[in-house]
Amino acid sequence: MNAAAAEPFDDVRQRARADTFGLWIFLMTELMFFGPLLFGYWFGRVEYAHAFAVASRHTDVTLGTLNTALLLSSSAAMAAAVAARVRRATRVATGLLLITFLLGCAFLVVKGLEYRSEWHEHLFPGAGFAFAGEDAAAVRYFYFLYFALTAVHALHLIVGMTLLAVFAIALWRGADEFGAPRRIELAGLYWHFVDIVWIFLYPLLYLLGRSGA
Amino acid sequence: MSNGTERVTEADNYLAAGTTLRSWLTTHDHKRIALLYMISITAFFFIGGAAAVLMRFELATPAGDLVSHDTYNKLFTMHGVIMVWMFLIPSIPAGLGNFLMPMMIGARDLAFPRLNLLSWYLYVGGGLFTVVALIAGGADTGWTFYAPFSTLFSNTHVIFVLFGVFVVGFSSILTGINFIVTVHMLRAPGLTWFRLPLFVWANYATSIILVLATPVLAMTLLLLAAERLLGVGIFDPALGGDPLLFQHLFWFYSHPAVYIMVLPAMGVVSEIVPCFARKRVYGYRSMAYAILAIAIIGFMVWGHHMFVSGQSAYASLLFSLLSFLVAIPSAIKVFNWLATLKGGSIEFAAPMLYALGFIGLFTLGGLTGLILASLSADVHLTDTYFVVAHFHYIMVGGAVMAYLGGVHFWWPKIIGRTYPEMWGRIAALIAFFGFNLTFFPQFLLGYAGMPRRYHVYPERYQLLHVLSSAGASILAIGYLLPLGYLTWSLFRGPRASSNPWRATGLEWTTSSPPPPHNFAQTPIVTEEAYAYDSSADPKESRA
Amino acid sequence: MHRNTRRIVLAWSALLLLLAATCASAWLPIGVWNGVVNLGIAALKAAIVAAVFMHLGASSAARACVGVALFVLLLIFALAGSDYATRDLHPAAWQPPPTRTMP
Amino acid sequence: MSGELLLFPPSASTAATHLDRLMLALTLLMSTVIIIVGALLVVFCIRYRRGARMPRANAPSRSRRIELIWSTGPLLVFLGIYAWAAHDFLELARVPADAMPVFVVAKQWMWKLEHANGRREISELHVPVGRPVRLTMTSQDVIHSFYVPAFRIKQDVVPGRYTTLWFEATQTGEYDLFCAEYCGTQHSLMRGRIVVMSPADFAAWLDRGTQQPSMAQRGFALFRSYGCDGCHGANSSVHAPKLDGVAGRTVALADGRNITADDTYLRDSILLPARDVVAGYAPIMPSYAGQIDEADLMAIIRYLHEGAAAQGDEDEQRH
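Residues numbered from 1 in each chain as written. Chains lettered and ligands numbered in written order. Predicted model: local features only at pLDDT ≥ 70, side-chain atom pairs only at ≥ 80, totals over all residues. Heavy atoms only, no water.

> Where do I start with the overall build of chain A in this structure?
Summing up its helical and strand segments, chain A has six helices and zero strands in all. Its helices and strands taken in sequence order, chain A reads α-α-α-α-α-α from the N to the C terminus. Projected onto the principal axes, the alpha-carbon positions of chain A cover approximately 65 × 35 × 30 Å. Per-residue burial over chain A gives 61% buried out of 213 residues. Within chain A, contacts between residues separated by at least 24 positions form 80% of all contacts whose residues are at least 6 apart in sequence. Roughly 8000 Å² of accessible area belongs to chain A as shown, and the carbon and sulfur atoms make up 68% of that amount. (Helix = DSSP H or I, 4+ residues; strand = E, 2+ residues; numbered from the N terminus. Buried < 20%, exposed > 50% of the residue type's maximum accessible area, 1.4 Å probe, protein only. Contact = heavy atoms within 4.5 Å. Areas by Shrake-Rupley, 256 points an atom, 1.4 Å probe, with all protein chains shown as cover.)

Okay, here's the thing in structure tokens:
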């Protein structure tokens, strides 16, 4: 009796439903993980409404919109990859996984560019924070949340991208068992969750106060 | 259901299924992982307990003559952190729950066996890391880590302790996911939701809290560490933040956490009382709904920790009302346990003594909780020993009593040997008496105005402190006894039959200790849980 | 074009259109309604991703999961929010004491 | 305080009498419930122990009526307790208008208190009996908590904002002051005394203090020494808002909002002038964050409250 896992499920279909349900619960824990940051944002927006509007006008909305488009497209590519894998069109699925991975890389590159320009403008909320306008403390509070939210999101994105890379390489090398359709589906669920988080971060961090209200 | 009483041959017994250390450390068997958990939980319990005993000796005298201010502050932080995260939260869900959940629903194992092993490694890794940090320098912030003291003014190993607790948090999350999926998808045929034992209900509701509240703690501790390391954050008033923001986020986790600690204990008591009263539990359906109600309303009451913290008066009114509502399901459960006793045929075995002790002490703890939920009383009593006594009545009087009761009740099933019954009863009585002598004087101390976390105190409180310290040493004996005779029973206890207490429940239908895959073939469930009949006079004596 | 792929492309174009809409609406001087419109569109986009890409419609257990999690998440905003909404004293600026003791 | 066994702290304030009445009722209620539950537990255990000849045939295992009673019953009792306690709590929250102001600055491990006429005390507070006293408190470092068991009052002192607390002593004597929120190494030494005196003794004590200017006068001196009057003075050429009588007035801000200039707003404007700029003025005021001590800040704000009276008035200003 080796230490192999006793297979608690009788059939593979039930195993797949359990994995999906388990992953959905995990995604909900990730949602709660973003909770405190979102509440910190809500607190800042209520207490320092004016300063938040001023600060968010300093974020680069074109790069933000571009990033959102990239991530939405990567989500679509991922969904197509999952559909292809389920249809056993492995070649197509591998290609689409690669496209999703590249779109993820593009997102990180654009994000890196944004970070670099904000670093030069001394907007990083560390010791070197310098903001000419009024109420620098509240602007610094906004920028802490901006960097915290985008950094935690980027971290989750990187985890998703490594998953994609591993599956793409496995399928490329023909390891059909490792790259089973239900596993690709699970990776897809995780990727779509990371995309949904960004869908909400985009208006909060980039579109607030654009209209000068 | 076959009521096999034949002795278990060496071969098909999960304990003998591999004796090398590697077989234990890489096991996927939920029963072995449960044992690994119970060993590490017991070790952490006695480390935290040692810190408590040291504090009680220090507090026997008004002057700070045993340990310095700093050491005392580090002691109560160590006691808090270890007892909350390393003992109370994992004890019943991860210890007993891991062993029993699959067996009670007729499954071969949890839904994700490998994830279960990972959660143990996260628990032991995070736990050891925290204990080393606490001993090697310690943190003096209290287990509540209030900002801005923990972020700007404490110069101790706060970051290490935060990281340790952060890792242990993920172990709870994984256990929660495992339990929820298992209860939903792996129930034996015929085992509908309302035929589940209440222990399964309790752990299911606890898993919902674990899964939803622990991530909030993880992010809050991360923000605290960021503020302490990088000087950036949302809690530092100089940076536009608000210290009460930390308290809101911390208590949003920590109040549901106290329900994580007490709900499984209620589940254990709901198993023990019907078995030793030989009677079906009273109002099974309302008990199940009460468990779910506690889990959900438990998320809405955290503001009663902040009545005097500068929170707005209107929010305090709202939280006080919600805190009174969450007390209703607990009251219903106590009445149902009492009603189960009526008309039963009660046997006072050790598990039953622990369960009866739980009912009494949990009721007193709950009632004093109501006093603290009353707004004007809380203004006087919060942050005093009244609060310390209240939550120890629920945690030690409730959760620890139920944990010990559960360990004694399922010991024959887990180890395959019985413990010395007389010693079991003596230990339960000593623990009950020692507990009351330790914590009842603290209610009086609290009302007399003795603040919490005080290293030195005015002389007029000394007599009550001496009583409490005396009680603490008796309580320590009450906890060391089981360590003694249970270890003896491990090696030389008489072999146990598969159902020594003639209890209902699927875990008792298989052999003791159970085979690696629990059941020869998956059992079919045909009737309600707790099919006891107190009028049938017990003929054959217990094996 | 495979039936499934057509649904995905359709959803993708809807998402991009909504992105353009929310971005454009940000410049309309409609005051507080900006926030409402932006978050509304974001919720719509999230719903599309969840329904079409994640097949949330298929499993009721997952829907229950999302419902409970959102409810509990909103509890933080509702109850802690009630404190901040009704707290009379605004947080005054705090100045670190002249001699700051960093660890 | 002698070391005898103390079960009940002295009841020396209006809040204490209300609280003791509530506590008596709660203790009686809770002890009856615990006695009933305990008695039922013991009686059932004895009567229905194994081997006792008792009728056990058809013990019911659920009854909707009983379960309804024992859930709505406690609910009604709980709502009653809630209403009573909430009423007392709201009384604690409403500060009487004629309360004597005392300013408290909590600092790691000591209390600095200051009366309106400038008399300062460290970890001791002298108050007259029978007169409401309002404490305006802030902290210079971590969260502390002003706790007087004899008055049954407690309020956390949070850095970054003012918290208020009021009491009315009903009995002369000396009572303990504790810090109830853990605040670091010597948290248990951050204790003090509240000395309640008769009004006459208090007035004498207030004067006998070392002759020093009233708080408002000290505030005026600071107002000058920090150069505030350079811009805000009556005859200054700089375009800055005039401050006489500003405290309590509604101020129109540059971004269209108008707020009442309470203590917090005045304090904000000194430390973060650029946040709420007054309409019609440029944000050119330098920030004084990190330069003015909390106690001096309170003195300046006190001066802004009393305005011109404090400038010319040399003799003792009794409040």
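> What's the story with the overall build of chain D in this structure? I'm lost.
A tally of helices and strands in chain D yields eight helices and 12 strands. Scaling as 2.2 N^0.38, a compact globule of 319 residues should have a C-alpha radius of gyration of about 20 Å, whereas chain D reaches 28 Å, well beyond that. Principal-axis analysis of the C-alpha atoms places the extent of chain D at approximately 100 × 50 × 35 Å. The burial tally for chain D puts 49% of its 319 residues in the buried class. Long-range contacts, defined here as pairs at least 24 residues apart, represent 65% of the contacts in chain D between residues at least 6 apart. When the accessible area of chain D is evaluated, it comes to approximately 14400 Å², of which 60% is carbon and sulfur surface. Once the 31 positive and 32 negative side-chain charges of chain D are each reduced to a mean point, those two points are 15 Å apart. (Rg over C-alpha atoms; globule rule 2.2 N^0.38 Å. Lys, Arg positive; Asp, Glu negative; His and termini not counted. Charge placed at Lys NZ, Arg CZ, Asp CG, Glu CD.)

> I tried to follow the nonpolar core on my own but got confused; where do I start?
With 381 residues, the main nonpolar core has W85 and F145 of chain B together with F146 and F151 of chain D as its most contacted residues. Examining the composition of this core, we find that 23 residues originate from one element, helix α8 (residues 243-277) of chain B, more than from any other. I292, I300, I301 and Y303 of chain D belong to the second largest nonpolar core, which has 27 residues in total. (Core = buried A, V, L, I, M, F, W, Y, C linked by side-chain atoms within 4.5 Å.)

> Is there a simple way to explain the packing of helix α3 (residues 61-86) of chain A against helix α1 (residues 3-25) of chain C in this structure?
Working note: a packed helix pair is described by the angle between its axes plus the distance between those axes. Where α3 of chain A meets α1 of chain C, the axes come as close as 10 Å, and the angle between the chain directions of the two elements is 170°. Between α3 of chain A and α1 of chain C, the angle falls in the class roughly antiparallel. Note on element contacts: α1 of chain C touches α3 of chain A through N4, I8, W12, L15, L16, L19 and C23 of chain C, opposite T65, T68, A69, L72, S73, A76, A79, A80 and A83 of chain A. (Axes fitted to C-alpha atoms, helices over the stretch in contact; angles between N-to-C directions. Parallel < 35°, antiparallel > 145°, perpendicular 65-115°, else oblique.)

> What am I meant to see in the interface of chain B and chain D here?
Interfaces are often described in size by the accessible area the parts lose on coming together. On the side of chain D, 79 residues touch chain B, which itself brings 88 residues to the contact. By the criterion of area lost to chain D, the three top residues of chain B are Y282, Y447 and R460 of chain B, representing 11% of everything that side buries. Notably, a salt bridge pairs R460 of chain B with D176 of chain D, separated by 2.8 Å at the nearest N-O pair. At the boundary of chain B and chain D, one finds 21 residue pairs in polar contact (both at pLDDT 80 or more). Of the residues forming the side of chain B that touches chain D, the biggest block, 16 residues, is contributed by helix α10 (residues 313-341) of chain B. Residues belonging to the side of chain B that touches chain D are distributed by class as follows: 50 nonpolar, 26 polar and 12 charged. (Buried area = accessible area lost by both parts, 1.4 Å probe. Salt bridge = Lys/Arg side-chain N within 4 Å of Asp/Glu carboxyl O. Polar contact = N/O pair within 3.5 Å; in protein donor to acceptor, adjacent residues only side chain to side chain. Nonpolar A, V, L, I, M, F, W, Y, C, P; charged D, E, K, R; others polar.)

> I keep staring at the sheet that holds strand β6 (residues 144-148) of chain D and nothing clicks. Help me out?
By way of backbone hydrogen bonds, the strands of a sheet pair with one another, either parallel or antiparallel. All names here are of chain D. If you trace the five strands from one edge of the open sheet to the other, you get β4-β10-β9-β6-β7, paired in mixed fashion. Where the open sheet ends on each side, the last strands, each with one partner, are β4 (124-128) and β7 (153-157). Pairs of neighbouring strands in the sheet enclose a mean axial angle of 20°, with direction left out of account. In terms of strand pairing, β6 meets β7 through five bridges, oriented antiparallel. In the sheet register, F146 faces β7, and the bridge partner there is Q155. (Pairing = 2+ DSSP bridges.)

> Mind showing me how you'd approach a nonpolar patch on the surface here?
Residue and element names in this part refer to chain C. A cluster of nonpolar side chains, contributed by L28, I30, V32, W33, V36 and V37, occupies part of the molecular surface with about 560 Å² of accessible area. For V37, the location among the structural elements is in helix α2 (residues 33-53). You can call V37 partly exposed: its relative accessible area is 30%. (Patch = residues over 30% accessible without salt bridge, like charges linked within 9 Å, V, L, I, M, F, W, Y side chains within 5 Å.)

> Help me understand the domain arrangement of chain D, please; the structure alone is not making it clear to me.
Residue and element names in this part refer to chain D. If you check the domain split of chain D, you get domain 1 (8-38 + 72-211) and domain 2 (215-318). Placing a centre on the C-alpha atoms of domain 1 and another on those of domain 2 gives a separation of 30 Å. Contacts between the two partners involve 17 residues from domain 1, matched on the other side by 15 residues from domain 2. For the pair domain 1 and domain 2, the summed buried surface comes to about 1500 Å²; carbon and sulfur atoms form 53% of the total. At the boundary of domain 1 with domain 2, the tally comes to one salt bridge. E114 is the partner of R218 in a salt bridge, and the nearest nitrogen-oxygen pair spans 2.8 Å. (Domains from an automatic or database assignment.)

> Just checking my understanding: could you explain the side chain of D88 of chain D for this structure?
Looking at where D88 of chain D falls in the secondary structure, it is placed in helix α2 (residues 64-93). No salt bridge is formed by the buried D88 of chain D; the nearest opposite charge belongs to R21 of chain D, separated by 6.5 Å. When sequence neighbours within four positions are dropped, the list of residues in contact with D88 of chain D reads S376 of chain B together with H18 and L22 of chain D.

> So what exactly am I meant to see when it comes to the pattern of salt bridges here?
Two side chains carrying opposite charge are able to pair once their charged atoms lie near each other. Residues and elements named next belong to chain A. Tallying each qualifying case throughout the model produces 15 salt bridges over all chains. Of the charged contacts in the structure, one is a salt bridge between D19 and R182, with a shortest N-O distance of 2.6 Å. Of the two residues, D19 is situated in helix α1 (residues 12-47) and R182 in helix α6 (residues 181-207); the sequence distance between them amounts to 163 residues. Residue R182 is classed as partly exposed on the basis of its relative accessible area, which comes to 29%.

> What's the story with the sheet that holds strand β5 (residues 132-139) of chain D in this structure? I'm lost.
All names here are of chain D. Spatially, the five strands line up as an open sheet ordered β3-β2-β1-β5-β8, and their pairing is mixed. Edge positions in the open sheet fall to β3 (120-122) and β8 (163-168), since each of these has one partner strand only. Averaged over all pairs of adjacent strands, the angle between strand axes in this sheet comes to 25°, irrespective of strand direction. Taken together, the six bridges between β5 and β8 define a ladder with antiparallel strand orientation. Bridged to L135 within β8 is L165.

> It is not clear to me how the packing of aromatic side chains should be interpreted in this structure. Could you clarify?
Summed over the entire model, instances satisfying the criterion amount to 81 aromatic pairs over all chains. Ring centres 5.6 Å apart and planes at 55° place the aromatic pair W193 of chain B and W201 of chain B in the tilted group. Exposure remark for W193 of chain B: the relative accessible area of 24% places this residue in the partly exposed category. Directly above the aromatic system of W205 of chain D lies the positively charged group of R119 of chain D, at a separation of 4.0 Å from the ring centroid. Residue placement shows K154 of chain D over the ring face of Y147 of chain D; its charged tip is 4.0 Å from the ring centre. (Phe/Tyr/Trp six-rings, centres within 6.5 Å; stacked < 30°, edge-to-face > 60°. Lys NZ or Arg CZ within 6 Å of the ring centre and 35° of its normal.)

> Any chance you could explain α6 of chain A here in plain terms?
Every α-helix winds through 3.6 residues per turn, so residues three or four apart in the chain are directed the same way. Residues and elements named next belong to chain A. The terminal C-alpha atoms of α6, which comprises 27 residues, lie 38 Å apart, in line with the 39 Å expected from a rise of 1.5 Å per residue. Helix geometry: α6 is bent most strongly at L201, by close to 30°, with proline P203 lying one to four residues after it. For α6, the tally of buried residues reaches 22 of 27 residues, placing the bulk of the element in the interior. G209 lies just past α6 and shows a positive phi near 70°. (Expected span 1.5 Å × (residues − 1). Bend = angle between axes of the 7 residues up to and from the residue.)

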